[in-house]
Amino acid sequence: MNTQKTLSKLLAIILALVFSCSKSKKDQQIKFYLGSDLSYVNEMEDCGASYKNNKGEVTDVFKIFKDEGANLVRVRKWHSPEWTKYSNYEDIEKTIQRAKNKNLHVLLDFHYSDDWADPQKQIIPKAWLPVIDNIQVLGDSLYNYTYKTLQNLLAKDLLPEMVQVGNETNIMILQKDEKGTPMNWSRNSQLLNKGIKAVRDFSKKHNKNIEIMLHIAQPENGLWWFKQAKEIGITDFDWIGLSYYPKWSKYNLEEATEVFKTLINTYNKKLMVVETAYPFSLQNQDKAGNILGRDALIPGYEATQEGQFKYLEDLKKVIKKAGGQGLVYWEPAWVTNTCSTRWGQGSHWENATLFDFNSKPTLGLSFLNSNK
């Protein structure tokens, strides 16, 4: 009897050690996040696009990124878009499932809008417009929406490891239209803190550890935004997320290093660049005008596959040097296709994806493989 008890205890100890080592190994692998925003993939595939590996074989695009060394997928979530059937709840469930199937971590990006939310516009979802001036009810709506989304994902075993409370929230969130209202920090802080609280409350109730990110476009805007946010009481988050596109930033890579350091040291938060891109070509393969043209180039980095790779490698080094912990490429799979956007047929990004015009990976994709 004593022998059986001893063996049972020994087995329990061994299993605990195995679990602990497995968990520790997994944690060690995520000291630095390298990933991509793959929100467009489902739509691209429905529009006839396919993706090839380095051998020229058509392959699941999530496998291509995983095999290259990615450990994170960023996923965009709109509230109730009427103009598209993508980036709604049903679509993100599919995307997250594909990421989870490849053991990739997920960063869920709440836009809190029915359309693109960015530094120029943060338009309130149509469903919340009737309560736009009732801050208490509006805050509760944001809280409940965030919480319910996580609850639904939990039921499918699809919880993200990180949640982004708002997308490029340089200006005040949940505005009536594109005209833009001057920043009201009292209102803004109440709303953002409601989103943060929803994630914290959910995590506590379900014994999860979902990390929270706040996201600002361009490093220079991070300096003033996070200062003012802290002063008004927005402090309970884990990650500073930044978009960094040389085309729209006044800082070069070297200057950005100091900004990253300042943000990390001042606020004692982890930092990740969650959006960046660089063109590998200046050619246009369809009728949709490209967003990143010659004006997106910086000295020393040509619009070639080599130039794209060099930019990503150098940016990665800059982030690491500053103490940052991640780099995500924005929409590397938004390739040319048979469908149309609201502005033209095809893709506005096909010259800045991580796939060439023959659907094979560009050299830039290998920026991911330092995690191997």
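Right, let's walk through the structure included here. It should be emphasised that the depicted structure is a prediction, and the values quoted were computed from it without experimental measurement. (Residues numbered from 1 in each chain as written. Predicted model: local features only at pLDDT ≥ 70, side-chain atom pairs only at ≥ 80, totals over all residues. Heavy atoms only, no water.)

### Focus on the side chain of Glu 220
Thinking step 1. With respect to the element layout, Glu 220 can be found in helix α7 (residues 219-232).
Thinking step 2. As a buried residue without a salt bridge, Glu 220 has its nearest oppositely charged side chain in Lys 250, at a separation of 6.1 Å.
Thinking step 3. Side-chain polar atoms of Glu 220 contact the backbone nitrogen of Lys 250, separated by 2.9 Å. (Helix = DSSP H or I, 4+ residues; strand = E, 2+ residues; numbered from the N terminus. Buried < 20%, exposed > 50% of the residue type's maximum accessible area, 1.4 Å probe, protein only. Lys, Arg positive; Asp, Glu negative; His and termini not counted. Salt bridge = Lys/Arg side-chain N within 4 Å of Asp/Glu carboxyl O. Polar contact = N/O pair within 3.5 Å; in protein donor to acceptor, adjacent residues only side chain to side chain.)

### Concerning the state of the cysteines
Thinking step 1. All chains considered together, the criterion is met by one disulfide.
Thinking step 2. The side chain of Cys 47 participates in a disulfide bridge whose partner is Cys 339; the two sulfur atoms lie 2.0 Å from each other. Here the disulfide of Cys 47 and Cys 339 is left-handed, its torsion about the S-S bond being about -100°. Taken together, the residues span a long stretch of sequence, with Cys 47 in the loop between α2 (41-46) and α3 (61-68) and Cys 339 in the segment after β8 (326-330) at a distance of 292 residues.
Thinking step 3. Cys 47 gets classed as buried once you look at its relative accessible area, which sits at 6%.
Thinking step 4. On the accessibility criterion, Cys 339 (25% relative accessible area) is partly exposed. (Disulfide = S-S within 2.5 Å.)

### Regarding the side chain of Ser 249
Thinking step 1. Mapped onto the fold, Ser 249 is located in the loop between β6 (239-243) and α8 (253-267).
Thinking step 2. At a separation of 3.1 Å, a polar atom in the side chain of Ser 249 contacts the main-chain amide nitrogen of Tyr 251.
Thinking step 3. When residues no more than four places from it in sequence are discounted, the contact partners of Ser 249 are Gln 218, Pro 219, Glu 220 and Tyr 244. (Contact = heavy atoms within 4.5 Å.)

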